[in-house]
Amino acid sequence: FLVRRLFSITVRFSIPAFVVCLSTPVFAWLSTLNAYFGLSTTRRLAEWMLIAGMVSAAPAVVINSFVSPILLNGLGFETLDPMNLGYGMILFLSAPIGEELCKAAAILALTRFIDSPRRGFQIGFTVGLGFALLENSIYIMSTFAAGEASALVFPFTSFVRGIGSIPAHGLWTGISGYAIGSYLSTRAVRPAKTG
């Protein structure tokens, strides 16, 4: 009875909890850009950055769910059993590398807005937050497949994804954006030829 009651409460409050807990870091980040970083950002640009991050999640899911398992199975690694090396290779090699490449591609799609390394960091961080929003929603909504056990799985997954995933996606992608911004800045300032 208690587990069924917890499941009912979890389902009833899951969407508001997701909206408040997982989108709050995004709103906090966007609201501090002007005040603390001196980077004026229009609402439209902020939306483009978040959407670019969300769109970059689609190829990352394809890489993690289909491409990597097929390649690893072709090389003789078992990818279905969590206790095998192939499964670990997806988690610790394929997922991070594939995701960062997809997010870097999203930053490159926004290069016309990058005029400095700081702006590159801003765009990268925001793309990472957009990616985290969509990825976390997939993970959290998949907890309801656990049935009544989701009363325990949902809060745990929400907490772990909210605390670890959101800042990490923003930071790593922000570093990529900073690097892209630095490259674009040095390429734009070419020394004049003498002689």
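Just so it is clear, the model here is predicted, and its values are computed rather than measured. (Residues numbered from 1 in each chain as written. Predicted model: local features only at pLDDT ≥ 70, side-chain atom pairs only at ≥ 80, totals over all residues. Heavy atoms only, no water.)

Our focus in this paragraph is the side chain of Ser68. Mapped onto the elements of the fold, Ser68 is located in helix α2 (residues 43–74). Engagement of the side chain of Ser68 in a polar contact is seen with the side chain of Ser94, the distance being 2.2 Å. Those residues in contact with Ser68 that sit more than four places away from it in its chain are Ile63, Ile90 and Ser94. (Helix = DSSP H or I, 4+ residues; strand = E, 2+ residues; numbered from the N terminus. Polar contact = N/O pair within 3.5 Å; in protein donor to acceptor, adjacent residues only side chain to side chain. Contact = heavy atoms within 4.5 Å.)

Glancing now at the layout of surface pockets. Of the voids in this model, the largest pocket is the one considered here, and its volume is about 680 Å³. In terms of lining, the largest pocket is formed by 26 residues, of which the most central are Asn64, Ala95, Glu99, Glu135 and Tyr139. When contributions to the lining of the largest pocket are tallied by element, the ones reaching two or more residues are α2, α3 (85–109), α4 (117–142) and α5 (150–188). The element that contributes the greatest number of residues to the lining of the largest pocket is α3, accounting for eight residues. The residue makeup of the lining of the largest pocket, split by class, is 15 nonpolar, six polar and five charged. (1 Å grid on protein atoms, 1.4 Å probe; cavity = no way out; pocket = protein on both sides within 12 Å on 5 of 7 lines; lining within 4 Å. Points joined across faces, edges and corners; volume = space filled by probe spheres on them. Nonpolar A, V, L, I, M, F, W, Y, C, P; charged D, E, K, R; others polar.)

Looking now at the packing of α2 against α4. Two elements in contact, α2 and α4, have axes whose closest approach is 7 Å; the angle formed by their N-to-C orientations is 55°. In terms of orientation, α2 and α4 fall into the oblique class. In terms of crossing hand, the pair formed by α2 and α4 is right-handed. Across the interface between the two elements, Leu45, Ala46, Met49, Leu50, Ala52, Gly53, Met54, Ser56, Ala57 and Ala60 of α2 pack against Arg119, Gln122, Ile123, Thr126, Val127, Leu129, Gly130, Phe131, Leu133 and Leu134 of α4. For the contact of α2 with α4, the class distribution of residues is 14 nonpolar, five polar and one charged. (Axes fitted to C-alpha atoms, helices over the stretch in contact; angles between N-to-C directions. Parallel < 35°, antiparallel > 145°, perpendicular 65-115°, else oblique. Left-handed = near helix turned anticlockwise from the far one by under 90°.)

Two elements in contact, α3 and α4, have axes separated by 10 Å at closest approach and are oriented at 125°. The angle between α3 and α4 falls in the class oblique. The two elements α3 and α4 cross, and the hand of that crossing is right-handed. Residues Glu99, Lys103, Ala106 and Ile107 of α3 form the contact with α4, whose own contacting residues are Ile123, Gly124, Val127, Gly128, Phe131 and Glu135.

With that settled, consider the nonpolar core. Of all hydrophobic cores here, the largest spans 12 residues; its members are Leu45, Ala46, Met49, Ala52, Ala106, Ile107, Leu110, Ile114, Ile123, Val127, Ile180 and Leu184. Put simply, the parts of the chain that give this core at least two residues each are α2, α3, α4 and α5. Ranked by the residues each element gives to this core, the list is headed by α2, at four residues. Val26, Ala132, Leu133 and Ile166 belong to the second largest nonpolar core, which has nine residues in total. (Core = buried A, V, L, I, M, F, W, Y, C linked by side-chain atoms within 4.5 Å. Buried < 20%, exposed > 50% of the residue type's maximum accessible area, 1.4 Å probe, protein only.)

This paragraph deals with the pattern of salt bridges. Counted according to the given criterion, the structure contains two salt bridges. For Glu47, the salt bridge goes to Arg43, with nearest N and O atoms at 3.2 Å. Of this pair, Glu47 and Arg43 both sit in helix α2, four residues apart, which is roughly one turn of the helix. Of the charged contacts in the structure, one is a salt bridge between Lys103 and Glu100, with a shortest N-O distance of 2.7 Å. Separated by three residues within a single helix, Lys103 and Glu100 lie in helix α3, roughly one turn from each other. For Lys103, a relative accessible area of 0% translates into the label buried. (Salt bridge = Lys/Arg side-chain N within 4 Å of Asp/Glu carboxyl O.)

Quick look at α2 now. In a regular helix each residue adds 1.5 Å, so 32 residues correspond to 46 Å; α2 covers 46 Å between its end C-alpha atoms and thus fits that length. Ile63 marks where α2 bends most, by close to 40°. Positive backbone phi, approximately 95°, marks Gly76, located one or two places after α2. (Expected span 1.5 Å × (residues − 1). Bend = angle between axes of the 7 residues up to and from the residue.)

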